[in-house]
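Take a look at the letters that make up each chain.
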Amino acid sequence: MRVALQTLGCRVNEAEIERWSREFRAAGHQVVPPSENPELVVLNSCAVTQEAVRKSRGLLRRIHREHPAAKLVLSGCYATLSPSAAAALGVDLVVANSEKDRLLERVEQELAVATMPAMAADPDQGSLLLPVNRHRAFVKVQDGCRYRCTFCIVTVARGAERSRPPADVVDEINTLHASGVEEVVLTGVHLGGYGSDLGQGLDQLVRTVLDRTAIPRLRFGSIEPWDLPEAFLELWRSPRLMPHLHLPLQSGCDATLRRMARRCKTRDYRRLVDQARAAIPELNITTDVIVGFPGETDQEWEASLAFIRDCGFGHVHIFPYSPREGTKAAELPGAVPPETQKARALSLREAAMEARRAFQARCVGQRVEVLIEGDLKKAGADEIRSLSGYSPNYLRVGVETFPPPTAGSRIMTVEITGTDPQRDTLLGRSIPAADRRTPPA
Ligand code: SF4
């Protein structure tokens, strides 16, 4: 069967889609882009905001319009929170978040889709287990969350915490590595809570992955700034763990954090930032901030902005607050007017860009290992080629390279020669193997 898989929302949703893609292929189905007349479409929906719900419903209708004959499977947070509303949109099967591990099985049983084991056994299939040119993959290791931040619907949609056994994670990473992936991003809803149901911590999982796989680069997805294991920062003694941490702050003001029911005060957050920077060279810390949370006064906002400036993040994802039905925050008084939200988001964007530019400028002159993205094959042998990819600390780098790499590893030694504010990227030139002993210019 020709199957198209689409997702909205977070990295955990992306990791799930990647896994379903491999499972459908291993079961002998063909995974195709939505444009190639699929017979079955799976949508992994999102419901983190009202806007995300609107987008999920809109995409469902479009899929229906474009592929009226295709069977439609809806999973994800919108399907979990509003199964009947979803079914009313002409969905053939709704698979709640708690059932995601059985999605293929339910599709084959309930939509009478035949399995084609013969094709599954075809060794050439192996290389097709992943879309071509895919060199970074998201691996979900944990789901659910025990906390109740007042703005968050994810904890409601995803349920209690559950962790994947390390052996499963190791197998998946080895399969990915064998298929050409050189970087894996460990994702979860509350990654720091990994192992709470297994009697072990996230640090033990990472050590097991580093011991039992040869994946060159390991990265963490978004990780809440609490419940981190004692020995968390020691993990970076391994050069295979990338020096980037995405630690959602949400607000830099304790009064606002209290109304958000966050488990981390600014003092604790700052201590973690300082300890992490002391322990991990070239560490890039990025974050999420909600602007205009109910009750956020001008004083609270000024305090928040000052704290964020002081932290000097490599990047800040800015989210103007929007009430999400079903969350406690949606009932809170003191809504912040849209124009005030806008003004605060603008001042934060300016402050964040200043910090980002300063962080990028500090990288000039360094030599870093860049994981090159995109198609390598189109260049002529004697052409200087512009490629791009990400540094270990997750900064985009535009790389001038001669001769262009054709096969083998996509990880390239690059000397950072400058920055390009227009494209918000670093600039560099690749260092041929022979010259790597020569110190940077
Ligand atoms: S810790 Fe994260 S996932 Fe859990 S409730 Fe808070 S924001 Fe939601």
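Residues numbered from 1 in each chain as written. Predicted model: local features only at pLDDT ≥ 70, side-chain atom pairs only at ≥ 80, totals over all residues. Heavy atoms only, no water.

### Looking at the overall build of the chain
Okay, step 1: The helix and strand tally for the chain stands at 14 helices and 18 strands.
Okay, step 2: For the chain, long-range pairs separated by at least 24 residues make up 72% of all intrachain contacts whose partners lie at least 6 apart in sequence.
Okay, step 3: Accessible surface, the chain: about 19,800 Å² in total, of which carbon and sulfur atoms supply 54%. (Helix = DSSP H or I, 4+ residues; strand = E, 2+ residues; numbered from the N terminus. Contact = heavy atoms within 4.5 Å. Areas by Shrake-Rupley, 256 points an atom, 1.4 Å probe, with all protein chains shown as cover.)

### Concerning the packing of helix α13 (residues 298–311) against helix α14 (residues 338–361)
Okay, step 1: Packing of α13 against α14 leaves a shortest axis separation of 10 Å and a crossing angle of 15°. Considered as vectors, α13 and α14 are oriented roughly parallel to each other. When you trace α13 past α14, the crossing you get is right-handed. Taking contact as the criterion, the partners of Asp298, Trp301, Leu305, Ile308 and Arg309 in α13 are, on α14, Arg344, Ser347, Leu348, Ala351 and Glu354.
Okay, step 2: Looking at the contact of α13 with α14 residue by residue, the classes come out as 5 nonpolar, 1 polar and 4 charged. (Axes fitted to C-alpha atoms, helices over the stretch in contact; angles between N-to-C directions. Parallel < 35°, antiparallel > 145°, perpendicular 65-115°, else oblique. Left-handed = near helix turned anticlockwise from the far one by under 90°. Nonpolar A, V, L, I, M, F, W, Y, C, P; charged D, E, K, R; others polar.)

### Here we look at helix α1 (residues 11–26)
Okay, step 1: For α1, with 16 residues, the first-to-last C-alpha span of 22 Å sits near the 22 Å given by 1.5 Å per residue.
Okay, step 2: Following α1 by one or two positions, Gly28 adopts a phi angle in the positive range, close to 95°. (Expected span 1.5 Å × (residues − 1).)

### Brief notes about the packing of aromatic side chains
Okay, step 1: Following the criterion strictly, the structure yields 8 aromatic pairs and no others.
Okay, step 2: Measuring from centroid to centroid gives 5.5 Å for Phe220 and Phe232, while their planes differ by 35°, and the two rings are tilted. On the criterion of sequence distance, the pair formed by Phe220 in strand β10 (residues 217–220) and Phe232 in the loop between β10 and β11 (244–246) is long-range, its members being 12 residues apart.
Okay, step 3: Using a relative accessible area of 3% as the deciding quantity, one classes Phe220 as buried.
Okay, step 4: Relative accessible area serves as the criterion here: at 2%, Phe232 is assigned to the buried category.
Okay, step 5: Joined through ring pairs, the aromatic side chains of Phe220, Phe232 and Trp236 make up one cluster. (Phe/Tyr/Trp six-rings, centres within 6.5 Å; stacked < 30°, edge-to-face > 60°. Buried < 20%, exposed > 50% of the residue type's maximum accessible area, 1.4 Å probe, protein only.)

### Things to note about the sheet that holds strand β4 (residues 71–76)
Okay, step 1: Taken in spatial order, the 5 strands make up an open sheet running β2-β1-β3-β4-β5, and their pairing is parallel. The open sheet has two free edges, formed respectively by β2 (30–31) and β5 (93–95), since each of these has just one partner strand.
Okay, step 2: Direction of pairing for strand β1 (residues 2–7) relative to β2: parallel, over a ladder of 2 bridges. Counted as the bridge partner of Val3 is Val31 from β2.
Okay, step 3: Its contacts with the sheet put α1 on β1, β2, β3 (40–45) and β4, and the angle it makes with β1 is roughly 170°.
Okay, step 4: Most of the contacts of helix α5 (residues 103–110) go to β5, to which it runs at about 160°, and overall it touches β3, β4 and β5. (Pairing = 2+ DSSP bridges.)

### Observations concerning the packing of α1 against α5
Okay, step 1: Two elements in contact, α1 and α5, have axes separated by 10 Å at closest approach and are oriented at 50°. On the basis of the axis angle, α1 is oblique to α5. Within the contact between the two elements, α1 uses Trp20, Glu23 and Phe24 and α5 uses Leu103, Leu104 and Val107.
Okay, step 2: Grouping the amino acids of the contact of α1 with α5 by side-chain chemistry returns 5 nonpolar, no polar and 1 charged.

### Here we look at the sheet that holds β11
Okay, step 1: Across the sheet, which stays open at both edges, the 3 strands sit in the order β11-β12-β13 with parallel pairing between neighbours. Taken across any chain shown, the strands that pair with only one partner, and hence form the sheet edges, are β11 and β13 (315–320). Within this sheet the neighbouring strands show an average axis-to-axis angle of 15°, counted without direction.
Okay, step 2: Note: β11 against strand β12 (residues 284–291), 3 bridges, orientation parallel. Among the inter-strand pairings, His244 is bridged to a residue of β12, identified as Asn284.

### Some details on the confidence of the model for the chain
Okay, step 1: Averaged over the chain, the pLDDT score is 91; the fraction of residues at 70 or greater is 90%.
Okay, step 2: This model gives residues 117–132 a pLDDT under 50, and the stretch forms 17 contacts once residues within four places in sequence are excluded. (pLDDT = per-residue confidence, 0-100.)

### Observations regarding the side chain of Arg106
Okay, step 1: Within the secondary structure, Arg106 sits in helix α5.
Okay, step 2: Looking at Arg106, its side chain comes within polar contact range of the side chain of Glu99, at 2.9 Å.
Okay, step 3: In terms of polar contacts, Arg106 uses its side chain to reach the side chain of Glu110, at 2.7 Å.
Okay, step 4: Filtering out sequence-adjacent residues up to four positions away, Arg106 remains in contact with Leu93, Val94, Val95, Glu99 and Leu111. (Polar contact = N/O pair within 3.5 Å; in protein donor to acceptor, adjacent residues only side chain to side chain.)

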